[in-house]
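Inside the fold
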Amino acid sequence: MPWSVLKALRENPDVMKDNLRKRFMDPGLVDEFLNVDSEWRRTQTELNKLRHKHNVISAQIPKLSGGERDAKIAEARELLKEIGELEARLKELDSRRKELLNGMPSLLHESVPVGPDETHNAVVRVWGKAVVQSKHLKEFLAETEGKGVRMEYEVTEREFVGHADMLEYVLGLGNTLKAGEVSGSRFYYLFDDIVWLDIALITYAMDYLTSKGFRLVLPPYMLKGDFMRAVEEFEAFKDALYKIDGEDLYLIATAEHPLAALHAGETIPEEDLPLLYVGVSPCFRKEAGAANRDIKGIFRVHQFHKVEQFAYTLPEQSWDVFDMLIGNAEELYRGLGIPHRVVNIASGELNLRAAMKYDLEAWYPAQGRFRELVSCSNVLDWQAYKLNVKFVRRKGMVKDFVHMLSSTAIASTRTITAILENFQREDGVVEVPKALRKYLEPYRKAPKDFIHPARKSS
RNA sequence: GCCGGGGUGCCCGAGCGGUCUAAGGGGCUGGCCUGGAGAGCCAGUGGGCUUCGUGCCCGCGCGGGUUCAAAUCCCGCCCCCGGCGCCA
């Protein structure tokens, strides 16, 4: 019934300490919490006793009159002073306790590789044939065979054009300079075929997931502070969020945010689980910590479109659903023909919420690197606890927190960059993935098979 | 945005300063009963503390305040309904 993290802290503190060590956090936080927690419980009991005494007196007063009545009122007033002092103490303890508790991470899944940074990520699967420029061969092999997997590849002496130059100069279908002038860096104008491609990618993912039984959702693009705080590790995340001036509203950074809040405060009958949603929305991110990384092009930007998978499950279902969500994402990228690998993110790189996170990383021939396109997380009951989303088992009407999971399906701009690098030909033509044909067909001016380079103006 | 009405437990719905231990229905879960089902009866159906006791505290949209005592009175906020305004 209680939050799994609280249960572990109280009943298996050593397991939680080990969990913190694996995440390169301070295991001393467990004892600190337990001290505050027991003090909080003691204070609460004591306070309850005083309040009880006060309640008893209050109940006697209406039956009395004259001096007796005045004496009781005076006694109640005296008690109230004591209660007030204890309440202040409890409030202090409570906020300290909440602070510590909210900073506690989910228990890691046993398969999560333990290590401080992304060099410890484990490669789970690979798919497709990577085209590797000979100058990148060493890195490619280090990132595949060096991690214990064999991925098909073809070495070439050919030079690939980076996605940013491809978009802006070869195709002439993006303008980040003008966008930078009018909106700032990491914004963009996209034109013509790339816009059709963006829309087609989104509808491709919507079509696939709705056919799998996911319910299609267009969510609010802003959330109140309370809900943002519940869905995210807020202190760590708030710098990434745009806030509406003078209002308690934040632009969403992913449809995960409003989808997680969709059932806040509700109790879901067990037979309704799992609930599967596919959200479509723009995403807004400040990218504050990114400094000058990926400053060119549309790889890392302040706004993009994303189709997001989201699931509410029974605790015993969540790992099966996790496999399904990442499986769906893989199916979508296999359909597009983008070579990729799936990695199990190392413990030290995981956020507090996630018990496990798989990323799908596409191979970028020009960059000579694998880069993240998809992130799939099982946060167990972390969000459910903060959002108070429960389910009820028919047998015995027992309530407990649901598990929540989310995974990217398609993030438009980033997927476009992967297409621009992987499907460019030497003549500058970009081949459109066959799987998108169906979603481009209805539009007379949309590209069908190829996106052609801009005609040289000179 | 303005004016008016309103937010009570899983749902409907009463209460509008002190026997509220939140009436009364309905639903759901468990038990009794039954060959089985129904009816009927009993219990449970918000959160927390607990010395686990027919124990205690808190909870009536959210947050403050007045009072010995607040669902009930006051202030701020959120949301819903109706009307006006504005608008795609």
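Please read all numbers here as calculations on a predicted model, not as lab measurements. (Residues numbered from 1 in each chain as written. Chains lettered and ligands numbered in written order. Predicted model: local features only at pLDDT ≥ 70, side-chain atom pairs only at ≥ 80, totals over all residues. Heavy atoms only, no water.)

**Observations regarding the nonpolar core**
- The biggest cluster of nonpolar side chains holds 68 residues, and the ones touching the most others in it are Ile 194, Tyr 333 and Leu 436.
- The contact partners of Tyr 333, leaving out residues within four places of it in the chain, are Trp 127, Ile 338, His 340, Leu 360, Leu 373, Val 374, Ala 409, Ile 410, Ala 411 and Thr 415. (Core = buried A, V, L, I, M, F, W, Y, C linked by side-chain atoms within 4.5 Å. Buried < 20%, exposed > 50% of the residue type's maximum accessible area, 1.4 Å probe, protein only. Contact = heavy atoms within 4.5 Å.)

**Digging into the side chain of Thr 408**
- Within the secondary structure, Thr 408 is located in strand β17 (residues 403–411).
- In terms of polar contacts, Thr 408 uses its side chain to reach the backbone amide nitrogen of Ser 375, at 3.1 Å. (Helix = DSSP H or I, 4+ residues; strand = E, 2+ residues; numbered from the N terminus. Polar contact = N/O pair within 3.5 Å; in protein donor to acceptor, adjacent residues only side chain to side chain.)

**Remarks on the packing of helix α2 (residues 13–22) against helix α3 (residues 28–60)**
- The contact between α2 and α3 brings their axes to 8 Å, and the two run at 140°. The angle between α2 and α3 places the two elements in the oblique class. Listed contacts from α3 to Pro 13, Met 16, Lys 17 and Leu 20 of α2 are Leu 29, Val 30, Asp 31 and Leu 34. (Axes fitted to C-alpha atoms, helices over the stretch in contact; angles between N-to-C directions. Parallel < 35°, antiparallel > 145°, perpendicular 65-115°, else oblique.)

**Some details on the pairing of strand β12 (residues 340–344)**
- In terms of burial, β12 is a largely internal element, five of the five residues being buried.
- Burial along β12 is two-sided: the face carrying His 340, Val 342 and Asn 344 and the face carrying Arg 341 and Val 343 are both buried.
- For β12 and strand β13 (residues 356–364), the ladder comprises five bridges, and the chain directions are antiparallel. What sits directly across from Asn 344, in β13, is Tyr 358. (Pairing = 2+ DSSP bridges.)

**Topic: the protein's contact with RNA strand B**
- With respect to spatial proximity, 26 residues lie near RNA strand B, and among them Thr 45, Asn 48, His 52, Ile 61 and Arg 77 are the closest.
- Per the 4 Å cut-off to the protein, sugar and phosphate atoms form 79% of the nearby atoms of RNA strand B.
- Within the side chain of Arg 51, an N or O atom sits 3.1 Å from a sugar or linking oxygen of RNA strand B.
- Here Asn 55 contributes a side-chain N or O atom positioned 3.1 Å from a phosphate oxygen of RNA strand B.
- Sorting the residues of the surface near RNA strand B by element identifies α3 and α4 (66–102) as the ones contributing at least two each.
- Ranked by residue count, the leading element in the surface near RNA strand B is α3, at eleven residues.
- Considering only residue class, the surface near RNA strand B consists of eight nonpolar, eight polar and ten charged. (Near = heavy atom within 4 Å. Nonpolar A, V, L, I, M, F, W, Y, C, P; charged D, E, K, R; others polar.)

**Describing the domain arrangement of chain A**
- What the domain assignment reports for chain A is domain 1 (4–102) and domain 2 (118–451).
- Taking the mean C-alpha position of each, domain 1 and domain 2 sit 43 Å from one another.
- At the interface, seven residues of domain 1 touch eleven residues of domain 2.
- Interface area for domain 1 against domain 2, summed over the two sides, is near 700 Å², with a carbon-plus-sulfur share of 43%.
- Ranking the residues of domain 1 by area buried against domain 2 places Ser 4, Arg 23 and Asn 102 at the top, with a combined share of 67%.
- One can count zero salt bridges joining domain 1 with domain 2.
- Across the domain 1-domain 2 interface, the total number found is five residue pairs in polar contact (both at pLDDT 80 or more). (Domains from an automatic or database assignment. Buried area = accessible area lost by both parts, 1.4 Å probe. Salt bridge = Lys/Arg side-chain N within 4 Å of Asp/Glu carboxyl O.)

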